[in-house]
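Letter by letter, the chains look like this.
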There are 4 protein chains.
Amino acid sequence: MSNTFGKAIRVTLFGESHGPAVGAVVDGLPPGLKIDMDRMNAELARRSGLESVSTARREPDAVEFLSGEKDGYTQGTPLTIVIRNTSAKPGDYEALGGAARPSHADYTGYVKYLGFADASGGGHFSGRLTAPLVAAGAILQTALEEKGISIGTHISRMRGIADRAFRDDPAEDIKLLKGLGLPVLDPDAAAEMIKEIETARVAGDSVGGILETAVCGLDAGFGEPWFDSLESQISHILFSIPAVKGVAFGAGFSLADMTGSEANDCLSVQDDRIRALSNNGGGVDGGISNGMPLIFRAAVKPTPSIALPQRTVDLASGKDTVIEIKGRHDPAIVHRAAPVANAAAAIAVADLIARRYGYMALRSE
Amino acid sequence: MSNTFGKAIRVTLFGESHGPAVGAVVDGLPPGLKIDMDRMNAELARRSGLESVSTARREPDAVEFLSGEKDGYTQGTPLTIVIRNTSAKPGDYEALGGAARPSHADYTGYVKYLGFADASGGGHFSGRLTAPLVAAGAILQTALEEKGISIGTHISRMRGIADRAFRDDPAEDIKLLKGLGLPVLDPDAAAEMIKEIETARVAGDSVGGILETAVCGLDAGFGEPWFDSLESQISHILFSIPAVKGVAFGAGFSLADMTGSEANDCLSVQDDRIRALSNNGGGVDGGISNGMPLIFRAAVKPTPSIALPQRTVDLASGKDTVIEIKGRHDPAIVHRAAPVANAAAAIAVADLIARRYGYMALRSE
Amino acid sequence: MSNTFGKAIRVTLFGESHGPAVGAVVDGLPPGLKIDMDRMNAELARRSGLESVSTARREPDAVEFLSGEKDGYTQGTPLTIVIRNTSAKPGDYEALGGAARPSHADYTGYVKYLGFADASGGGHFSGRLTAPLVAAGAILQTALEEKGISIGTHISRMRGIADRAFRDDPAEDIKLLKGLGLPVLDPDAAAEMIKEIETARVAGDSVGGILETAVCGLDAGFGEPWFDSLESQISHILFSIPAVKGVAFGAGFSLADMTGSEANDCLSVQDDRIRALSNNGGGVDGGISNGMPLIFRAAVKPTPSIALPQRTVDLASGKDTVIEIKGRHDPAIVHRAAPVANAAAAIAVADLIARRYGYMALRSE
Amino acid sequence: MSNTFGKAIRVTLFGESHGPAVGAVVDGLPPGLKIDMDRMNAELARRSGLESVSTARREPDAVEFLSGEKDGYTQGTPLTIVIRNTSAKPGDYEALGGAARPSHADYTGYVKYLGFADASGGGHFSGRLTAPLVAAGAILQTALEEKGISIGTHISRMRGIADRAFRDDPAEDIKLLKGLGLPVLDPDAAAEMIKEIETARVAGDSVGGILETAVCGLDAGFGEPWFDSLESQISHILFSIPAVKGVAFGAGFSLADMTGSEANDCLSVQDDRIRALSNNGGGVDGGISNGMPLIFRAAVKPTPSIALPQRTVDLASGKDTVIEIKGRHDPAIVHRAAPVANAAAAIAVADLIARRYGYMALRSE
């Protein structure tokens, strides 16, 4: 009852990690949107991660459109994206028996679905379902870019290592990120982070991180009070991404230590438009975009699948046991979540634009 | 198009700060829920704040039911809550002329509503709309308590001052909080926070803080993958609360510095049920409740209305100006947001229960 | 869980017949829509019925806006319409004791709400809730008229008496209907229908009828396949109106006796636009408007409240009994339902326009 | 933005007639529902029509589950149904050039999708999309039957030929219908209808009809005032079915000629439960089921694709032309729409049950 996000543009996700396919139905797209397959494949490749630091499971993530596409354009009818699961090896997972992997959805999914759901590879909870989300987001990113709205995400922190912040105008940083293997603005920080990931891999352990996303070029006036504030909309879809455990806008949690006079973003007319002199609000006031870059962060927990022994419960027997997860797992997924954050932001923003000006407004002139 | 939250239990908010009334329509309540007016009034009084630290504007917040209530019980039909605005003094605000208050919705609301919306007192964006939200939440808190689910919120941090954490089982802490003026578990921390608030008041400045909420007694299995994860649902409604700029579950942003072996919550059978040995996940795995206490934090920015002079723009003339806000304003609203967080959590959780077992399941046996 | 209609423009109804008030929250309206109170009051008066043929209960139906209105225009925030119940006389109904009125919602409401709902005067099921619906519809009718879209409804049939059909271009008929007491195009048919209503009144009985509505000026292209076809959208809201038991478009049920060659609407270019040479489809092909007048009919059952003795069950005792309904009841409500059909059509059409072009598109240039 | 029906159980349709596939995502199903493939295939075969009277296009309609199914049971995760289009012959349709088929969606779809949608075979508007709807409905029909709720549809009228009515208790008639080729209760009427269909075929013309559906075993209390009345819910999904132009409950449009004393359904206690002594309301009072059989009719227009020459417009040139449709077309589709009506009713009823008692209530004990 809840696999659909959005009101004007609606994305419905489906699939299990080791079932036939994962996919999405995107409803509410206007006719005639260009589908840039190179762009989509680049985003999907990014989601698949770097060879050096990611899981060995390498699916081509070949997108098939079951409906809604014709000659490289959206028809305007529901667009169905399907990505077949080609290299699933249930055996790797079945070796776990009924032992619930800690901090995975194994136990909660078992309770929720009464044991009827296929849990292998995470089943419906697998991060693999972010692939169709990225594909859907790529189409909307293309449409938004034609309207001057660009989106980029970097890893702002990992194990104490901090990347430099986005520049006040992040447009150039967003371009820069497109060419990077690991989405980190400061090359030294990138090198250190790769070292951390390698250390974790060797130890059979894992790391997480903080993603910071910028959306440039969004005009003031988008977002709906009360319940569909821009922040509610963005956080709703971000918390759908597995492993995200925190979302903050602008100065976020550090606002708790500031005074109003430190935190407030004063306004001034510059170049004939109203601009804020700081961006502690992350581009949102009262739930509505204020025309400044939209800036938010997502905390990504360390990959829960680790090779180290962990105490857990065998769901079949109901007894305590110890698990060592041997399958193909990433010591880090935070970099792979970056294109997912971009896609999520594109979907959330496009939906709010379509509510205000209609889905036809997503067409380029 | 977005003043409604929830799918099974749906709350629709309306009103302007200086209009006739603020209110809510709550649809999807089962018939026969007891409406405990003492409880509701206590929550509303809490939202109005402490005399010593809050705004001088003291409205009685008298709740009137226009529909859906009979003899102290819900009818099962839409419940309409109305709270009249009795002490509005537009003059205080009109003195500001067209100057947009920084980090308020004055500018964004002006763009969104093209100048047709009444901005005095924050208009539709005013925190005053949280009063009907608290009233609606009080009814659901009563219903949830009859099912053994209790909710409490404390200020975990303000200007560097930290309250002690919730105990592993927060049930006793939740009871403790009900009797406190300022919702802070450690009396010393409370005293220091009051001092900070007073300092800010004297300076014509303001402070924010971090709220931490615990939901006890929620069974495993609630929440919907993907898009209506428990985290998505909770964050969606929390980010509707004005001034909330960050939401995190369990260890939240600190997970970025941890390894998987540190962060993972191992499982064990205890007293015939499966329990986690730590709660870094905040009671949620894969978007679904795991039976542990649900723990989340919300970052509340400092009250943006301050008496100190600030640079801003006059929306009428389109020219830079300086604003000094003289009206009745709180140096802190974070404590007043605590009952709002409780109400929001109650609404979000009740909605997920009603999706799984129907709205009839919210009735007590 | 279902008192809301619409996706872009959303109307939430509330109230009980003998409670404090009935009303509606209208969310998704753009800012700056003119609220023509004379128009709204005229529609509400029409809904109240003719003195000669309607119930003696004459409430002024004074509309109060609790939110969303300022200086005669919509603010863009949720518009809350409240109409107080001033002349409720519960005594009239309480005399019925627990006897369920046949073909009313007394029995079904009792089962649904377990006896907690106030059933007097029909409670939440009362036709009185159509008053705020008419008020909401009046605002949208004004907005649509500024875009060249007009709506009118006549009684096309009652007790075997048929009104003449709408002319091929119903625009003039729609104007004509605005000046009529009983909305019947043929004065002779009107006279005969009034005679039928009087006959029913004298007999302590009642009559129903068929309403036919025309929407002129709607361009081709509105409606959404599959589930929000123009027909689905219109029928959904029409069947919400109490007493409506059938809805048909164009030739409707008579299509069952026709061949394809008789039924099909051939096309031709006329005056530089594509037009159909007949309108058996009622202006809808494939669920999408085709630019012809939108024509639909609603079957309204006879008022179920009649003075004649009827067998029924006493819900309190669970025993058979006989009921004679003595309260203030109409021998006919079909004419009072005509402005409700107009309002319903306006809401449904405005919602579809707002989905395609945004709620901002409802503003006049 | 509208290819989804239902709130608790949600069906999202996708596909084009001559694209790769048609399908549906069904979200909100509980885990552990038995998927009876024989039943599903029988319903699909029924939808494909009788060899003698239907289109020669004979696709096997082989259902593939991309997600949500495991070992013959629902997992509880979104169930994705895909039916590949195997025998599409675009050539048949391309021969038409850009000539819009009268009373099809060719013209309206062209306007709506600006020419970007694939119109061959009706494209997204094709009746072929009812196949996944039937498949989804079959799963819910199985679940409802385990709760004692059965559904059946017959052709009650075609070209002046009337089938006998359902018996007061239609349960036996529903069983009878399962074994019939043409869903007509009276064999003589069936023979005459087949003759009409044959006559139309020979003439290059087509016929329509009226479908009457009975739902037995539904308890009182389902349906939601105001906007999700049982009638609104049923009509909404029925009007989604191509060619449906009218929907009526119980006595429907004939209520317009009756008096209240003739139309009202009196009540009486029989066998310890409250029953109506007639069923002019079709099992619905005040929008809520009353425990009597739910009875409704749908008017199905004649198949618009006919071989006879018709005036129309060439969309490419914008000029008048004459069309003769040569492809594989049915002289009647009304019998093929009968299983679609059953599926639609099952989905609508299951959704209302799931709202009241949760999606878990659809599981059999």
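Please read these numbers as outputs of a predicted model, since none were measured by experiment. (Residues numbered from 1 in each chain as written. Chains lettered and ligands numbered in written order. Predicted model: local features only at pLDDT ≥ 70, side-chain atom pairs only at ≥ 80, totals over all residues.)

A. How the structure looks around the packing of helix H7 (residues 230–238) of chain C against helix H9 (residues 334–357) of chain C. Residue and element names in this part refer to chain C. With their axes 9 Å apart at the nearest point, H7 and H9 run at an angle of 140° to one another. Judged by the inter-axis angle, H7 sits oblique to H9. The way H7 lies across H9 gives a crossing that is right-handed. Residues Leu230, Gln233, Ile234, Ile237 and Leu238 of H7 pack against Ala341, Ala344, Ala345, Ile347, Ala348 and Leu352 of H9. Residues belonging to the contact of H7 with H9 are distributed by class as follows: ten nonpolar, one polar and no charged. (Axes fitted to C-alpha atoms, helices over the stretch in contact; angles between N-to-C directions. Helix = DSSP H or I, 4+ residues; strand = E, 2+ residues; numbered from the N terminus. Parallel < 35°, antiparallel > 145°, perpendicular 65-115°, else oblique. Left-handed = near helix turned anticlockwise from the far one by under 90°. Contact = placed C-beta atoms within 7 Å. Nonpolar A, V, L, I, M, F, W, Y, C, P; charged D, E, K, R; others polar.)

B. Just the sheet that holds strand S7 (residues 79–84) of chain D, in detail. Residues and elements named next belong to chain D. What the five strands build is an open sheet, ordered S1-S2-S3-S7-S4; its pairing is antiparallel. Both edges of this open sheet fall to strand S1 (4–5) and strand S4 (63–67), since each of them pairs with a single strand only. The pairing of S4 with S7 spans four bridges and is classified as antiparallel. Across the sheet, residue Ser67 finds its bridge partner in S7, namely Thr80. (Pairing = 2+ DSSP bridges.)

C. Representation of the interface of chain C and chain B in the model. On the chain B side, the residues contacting the 38 residues of chain C number 38 residues. A per-class count over the side of chain C that touches chain B returns 16 nonpolar, 16 polar and six charged.

D. Structural context of the nonpolar core. Formed by 424 residues in total, the largest nonpolar core has its most connected members in Ile347(A), Ile347(B), Ile347(C) and Ile347(D). Setting aside anything within four residues of it in sequence, one finds Ile347(D) in contact with Phe5(D), Gly6(D), Ile9(D), Val11(D), Ala136(D), Gly137(D), Leu140(D) and Ile237(D). Formed by 18 residues, the second largest nonpolar core is a distinct cluster that contains Tyr113(A), Ile306(A), Val313(A) and Met292(B). (Core = buried A, V, L, I, M, F, W, Y, C linked by C-beta atoms within 7 Å. Buried ≥ 20, exposed ≤ 12 C-beta atoms within 10 Å, placed from the backbone.)

E. View of the interface of chain B and chain A. Each partner contributes to the interface: chain B provides 92 residues, whereas chain A provides 92 residues. Looking at the side of chain B that touches chain A residue by residue, the class counts come to 41 nonpolar, 34 polar and 17 charged. Note that strand S11 (residues 244–249) of chain A and strand S11 (residues 244–249) of chain B share three bridges and pair antiparallel. Paired with Val247(A) across the two strands is Val247(B), which belongs to S11(B).

F. Summary view of the relation of the copies chain B and chain A. Superposition record for chain B on chain A: RMSD 0.0 Å, screw rotation 180°, translation along axis 0.0 Å. Put plainly, the chains are arranged around a two-fold axis. Both copies share a contact surface, since 100% of the interface residues of chain B are interface residues in chain A too. (Least-squares fit on C-alpha atoms with pLDDT ≥ 70 in both.)

G. View of the pairing of strand S16 (residues 294–300) of chain A. Residues and elements named next belong to chain A. Within S16, seven of the seven residues are buried, which leaves it mostly tucked inside the rest of the structure. The alternating pattern of S16 places Leu294, Phe296, Ala298 and Val300 on one face and Ile295, Arg297 and Ala299 on the opposite face, and all of these are buried. With seven bridges connecting them, strand S10 (residues 209–216) and S16 associate as antiparallel partners. Paired with Glu212 across the two strands is Arg297, which belongs to S16. Relative to S16, S11 runs antiparallel, the two sharing five bridges. For Val247, the partnering residue across the bridge sits in S16 and is Ala298.

H. Expanded view of the sheet that holds strand S9 (residues 161–162) of chain D. Read from one edge to the other, the open sheet built from ten strands follows the order S9(C)-S8(C)-S10(C)-S16(C)-S11(C)-S11(D)-S16(D)-S10(D)-S8(D)-S9(D), with strand pairing classed as antiparallel. Of all the strands in the sheet, the pair left with one neighbour each is strand S9 (161–162) of chain C together with S9 of chain D. Two elements, strand S8 (residues 150–158) of chain C and S9(C), share two bridges in a ladder whose sense is antiparallel. Across the sheet, the residue bridging to Arg157(C) is Ala162(C), located in S9(C). Across the sheet, H7(C) touches strand S11 (244–249) and strand S16 (294–300) of chain C together with strand S11 (244–249) of chain D, and the angle it forms with S11(C) is around 160°.

I. Quick look at helix H4 (residues 130–145) of chain C. With 16 residues, H4(C) extends 21 Å between its outermost C-alpha atoms, agreeing within 8% with the 22 Å of an ideal straight helix rising 1.5 Å per residue. With 14 of 16 residues buried, H4(C) lies mostly within the body of the structure. (Expected span 1.5 Å × (residues − 1).)

J. Representation of the environment of Cys266(C) in the model. Looking at the element boundaries, Cys266(C) is found in the loop between helix H8 (260–263) and strand S12 (267–270). Between the C-alpha atoms of Cys266(C) and Ala190(C), which are 76 residues apart in sequence, the distance is 34 Å. Not counting residues up to four positions away in its chain, the partners in contact with Cys266(C) are Ala276(C), Leu277(C), Pro102(D), Gln310(D), Arg311(D) and Thr312(D).

K. Structural context of the relation of the copies chain C and chain B. Each copy superposes on the other: chain C lies on chain B with an RMSD of 0.0 Å after a rotation of 180° and an axial shift of 0.0 Å. Taken together, the interface assignments show that 100% of the residues at the interface of chain C recur at the interface of chain B, consistent with an identical surface on both copies.

L. Broad picture of the pairing of strand S18 (residues 319–323) of chain B. All names here are of chain B. Note that strand S17 (residues 310–314) and S18 share five bridges and pair antiparallel. Looking across to S18, one finds that Thr312 is bridged to Thr321. Where S17 folds back onto S18 in an antiparallel hairpin, the turn is made up of four residues, including Gly318, whose phi is positive at roughly 75°.

M. Molecular detail of the confidence of the model for chain A. Looking at chain A, pLDDT values average 93 and 93% of them are 70 or higher. Two summary scores accompany this predicted model of the complex, namely pTM at 0.96 and ipTM at 0.96. (pLDDT = per-residue confidence, 0-100.)

N. Representation of unusual backbone geometry in the model. The amide bond that connects Pro225(A) to the next residue, Trp226(A), takes the cis arrangement and shows omega of -10°. Relative to the elements of secondary structure, Trp226(A) occurs in the loop between S10 and helix H7 (230–238). At Arg159(C), a residue that is not glycine, the phi angle is positive and equals roughly 50°. According to the C-beta neighbour criterion, Arg159(C) is buried, with 20 such atoms within 10 Å.

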